[in-house]
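Spelled out from the first residue to the last, the chains are:
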Amino acid sequence: MSLRTKIWSLLNVLLRVPPVFVMDFLLNAHLGLPHYKSEKDGHQGVVSETSTKDQEDLTLIIDIDGSLLTWVFIYTSGFCAAFCIFLLNTKQLLSVYLWLASTGVILWSYIGNEEYMKYAVCFREKNSNVGYELLTLNIQAFLKFGGNYLLQVFLAMVFCFSNSTFENIPPKRMVGLCFIGPTVVSLLPVPTTVLQCTSLISSALAFFYIIVSLLSHGRLIIEVFISGAHWCNDVIKHYGLYTLLENQWLRLQVPQVLRVFWLTRVTEQAVLLLADNLTSSNPTFSVLFDNSLTITKELLIRGCETLVAVLGMTSVVSSISHYIGYTVQYFLHLEDPEDRSIGTVSAILFFILALQTGLTGLEPEKRLLRLYRNVCLLSTAIMHFIHNMVNPLLMSLSASRNTSYNKHGRALSVCAFLIIFPCWFLVYLWSKHTISTWLLAVSAFSIEVVIKVVISLLTYLLFMIDAYHNTFWEKLDDYVYYIRATGNSIEFIFGIFLFCNGAWILLFESGGTIRACMMCIHAYFNIWLQAKAGWKVFMKRRSAVKKINSLLEATEDQLRNFDDVCAICYQELNNARITRCNHYFHGVCLRKWLYVQDLCPLCHKILYNEAHPLSDTESSVVINNEIIHEHQD
């Protein structure tokens, strides 16, 4: 990546941060609406609906007058404008900031000229003027005149540079000269009233120039919005809404922008809090160290007080989760970047938890407690992600008979961590907190992690024993199935328990549409689909066992005469099943094959069809069709 590309990418992030600050400020001001703190339950934050509350709401509706509606409209318009600016591309953002810079330059020029004119008017009251004072070599007059003149020249140059995109209007430099106009007029013997109006007139001319410039580019601005809307419509029509959102997400670099916004916001608030502590009666470092915990709590509380701030915190949490996953991946020497999804899913989970618990609407102390609980839930989810990374590695090491003690040791050490840390975590939580629905949910997730790790270790142990087994271990598949079925059954029970726990929270503690939707998603994916998949596997296994038992078992003489290996696993045939087409296979290998299809692995004849057994003629037709398809492929 070239230096120009890096600078342009950095500008693309930094230029989008100010609109985010504007949106955060407007949300923190509640968009101009009066904010009434509702009475909430001390533990779950449930709004108490009383007759007094209803009367307050009715009074609020009645008291809304025209001025309040006007402020609401102004705040809402400002929020929409900031959001639209956020969506612009980098070049358009530069144009907007240059226009804002030129406006700021005009205000700065007006303030400087106004202060200088007050000084010039003082001479008029003494029957003198600035020109006469300069001729008499008044040092203070020289400094005032020269300072303001140089300032206005500098501001005029900045103004001309900021309006370099408005090339269609010729008198740009003439308007730039208006900045130094009041300074020059102060040298002339003009009336005091004229002298006092020169600052306003010069600034008004510059503002008029900007307005004319914007009006001249109004058609171009409208065309940009219309073309953008048409482009979005075409993308949605041909590729779908998801493609459009993904494209804009990457173009706007939303995670990076939110991360920079939140860190800047927290840094600003930290500086203000430290300044308040330094101006106290005893501004020593020991006092600052003692107040560090209080400052940290205050920063966390303020860091999630608006929806935009929560999004910024979510981006930071996503980055931390990503680096945790990357560290585990590096420790395990994984080539497949499995940690990429950790940051994304952790961010989605954290944001959903913040929404369904009403994090932004809580009081400061309750908000900190809720944030702590959400982080605990997120920590258990990250442990599940780490298990999903180490489990395939364990199975791969055991199945491939890898003899690297380093890889085995790293994988087993991660598993040990996933057992020890959740156990310590549970002991700590149960010793510090009373029993609650939140504690039960965290405990269920933590115990589930431990059980899944134990199941993975038992399966790994069986595969390692089989790797060093001299003969074919026919019961291995059964043992693995029983262990995994036990783990899946326990996980299914925990899913039902979490659903009941969530239903209790929804009905009796804190309801909400988001929580209800999440419960429906949990019921469908973690209960219904898991039960359906488990039952399907059970029926397949049951059917395969029934089909295998219907086949003849080879005797020792038949195996001795056959004197070959199993065509599926290429292992020695100590025992075998004989198919109708007189082929020999291990019973367990043939059972795995029957999970997929009922055709013989060698000749493709039907092995078993309980509903409608085929005749020999029909079987030959099936075989011929299979051969034809194979040649066509």
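Small disclaimer: the values here were computed from a predicted structure and weren't measured. (Residues numbered from 1 in each chain as written. Predicted model: local features only at pLDDT ≥ 70, side-chain atom pairs only at ≥ 80, totals over all residues. Heavy atoms only, no water.)

J.: Just give me the short version of the overall build of the chain, but keep the residues and values in it.
T.: In terms of regular secondary structure, the chain is built from 25 helices and 3 strands. Within the chain, the proportion of its 633 residues that are buried is 36%. In the chain, the proportion of contacts linking residues at least 24 apart, taken out of those at least 6 apart, comes to 71%. (Helix = DSSP H or I, 4+ residues; strand = E, 2+ residues; numbered from the N terminus. Buried < 20%, exposed > 50% of the residue type's maximum accessible area, 1.4 Å probe, protein only. Contact = heavy atoms within 4.5 Å.)

J.: I'd like a description of unusual backbone geometry, backed by residues and values.
T.: Of note in the backbone geometry, glutamine 253 takes a positive phi value of approximately 50° without being a glycine. As for its placement among the helices and strands, glutamine 253 is situated in the loop between α12 (241-252) and α13 (254-278). Even without a glycine there, the phi angle at asparagine 582 is positive, about 65°. With respect to the secondary-structure elements, asparagine 582 resides in the loop between β2 (577-578) and β3 (584-585).

J.: Residues and numbers for the packing of helix α20 (residues 437-467) against helix α21 (residues 476-509), please.
T.: Contact geometry of α20 with α21 gives a least axis separation of 10 Å together with a crossing angle of 175°. The orientation of α20 relative to α21 falls into the category roughly antiparallel. When its residues are assigned to classes, the contact of α20 with α21 shows 20 nonpolar, 4 polar and 6 charged. (Axes fitted to C-alpha atoms, helices over the stretch in contact; angles between N-to-C directions. Parallel < 35°, antiparallel > 145°, perpendicular 65-115°, else oblique. Nonpolar A, V, L, I, M, F, W, Y, C, P; charged D, E, K, R; others polar.)

J.: Give me the lowdown on the sheet that holds strand β1 (residues 552-553), citing residues and values where you can.
T.: Taken in spatial order, the 3 strands line up as β1-β2-β3 in an open sheet, and their pairing is antiparallel. Every interior strand has two partners, whereas the edge strands, β1 and β3, have only one. (Pairing = 2+ DSSP bridges.)

J.: So what about the packing of aromatic side chains? Which residues, and what values?
T.: Scanning all chains against the criterion turns up 15 aromatic pairs. Taking the centre distance of 6.1 Å and the plane angle of 15° together, the rings of phenylalanine 145 and tyrosine 149 count as stacked. Residue phenylalanine 145 and its partner tyrosine 149 are both found in helix α7 (residues 139-162); the two are separated by 4 residues, about one turn of the helix. Judged by its relative accessible area of 31%, tyrosine 149 is partly exposed. Between the aromatic rings of phenylalanine 417 and phenylalanine 421, the centroid separation amounts to 5.4 Å while the plane-to-plane angle is 20°, which identifies the pairing as stacked. You can see phenylalanine 417 and its partner phenylalanine 421 sitting in helix α19 (residues 405-432), 4 residues apart, about one turn around the helix. We classify phenylalanine 417 as partly exposed; its relative accessible area is 41%. (Phe/Tyr/Trp six-rings, centres within 6.5 Å; stacked < 30°, edge-to-face > 60°.)

J.: An account of the nonpolar core is needed here, citing residue identities and associated values.
T.: Counting residues in each nonpolar core, the largest one holds 50 residues, and the members touching the most others are Val20, Met313, Leu332, Val390 and Leu418. The element that contributes the greatest number of residues to this core is helix α18 (residues 364-399), accounting for 12 residues. Residues within four places of leucine 332 in sequence aside, it is in contact with Val390, Leu393, Arg410, Ala411 and Val414. Grouped together as the second largest cluster of nonpolar side chains are 19 residues, Cys566, Tyr584, Leu590 and Leu594 included. (Core = buried A, V, L, I, M, F, W, Y, C linked by side-chain atoms within 4.5 Å.)

J.: Describe the side chain of glutamine 356, and please don't skip the residues or the numbers.
T.: Within the secondary structure layout, glutamine 356 lies in helix α17 (residues 340-356). Taking the relative accessible area as the measure of exposure, glutamine 356 reaches 16% and is therefore buried. Once you skip the residues sitting within four places of it in the chain, glutamine 356 turns out to touch Ile514, Arg515 and Met518.

J.: Hey, could you go over the environment of histidine 384 for me, with residue numbers and the actual values?
T.: Here histidine 384 is to be found in helix α18. It is 8.9 Å that separates the C-alpha atoms of histidine 384 and leucine 418, two residues lying 34 residues apart in sequence. Side-chain polar atoms of histidine 384 contact the backbone oxygen of phenylalanine 445, separated by 3.2 Å. (Polar contact = N/O pair within 3.5 Å; in protein donor to acceptor, adjacent residues only side chain to side chain.)

J.: Break down the pattern of salt bridges for me, with residues and values.
T.: Scanning the entire structure with this criterion turns up 5 salt bridges. Two residues, lysine 118 and glutamate 115, come together in a salt bridge whose shortest N-O distance is 3.8 Å. A residue pair is termed a helical-turn pair when its members lie 3 or 4 positions apart in one helix, as lysine 118 and glutamate 115 do in helix α5 (residues 90-125) at 3 residues. Taking the relative accessible area as the measure of exposure, lysine 118 reaches 48% and is therefore partly exposed. Among the ionic pairs, glutamate 298 bridges to arginine 302, the shortest N-O distance being 2.9 Å. Of the two residues, glutamate 298 and arginine 302 both sit in helix α15 (residues 292-302), 4 residues apart, roughly one turn of that helix. Connected via shared salt-bridge partners are Asp24, Arg265 and Glu305. (Salt bridge = Lys/Arg side-chain N within 4 Å of Asp/Glu carboxyl O.)

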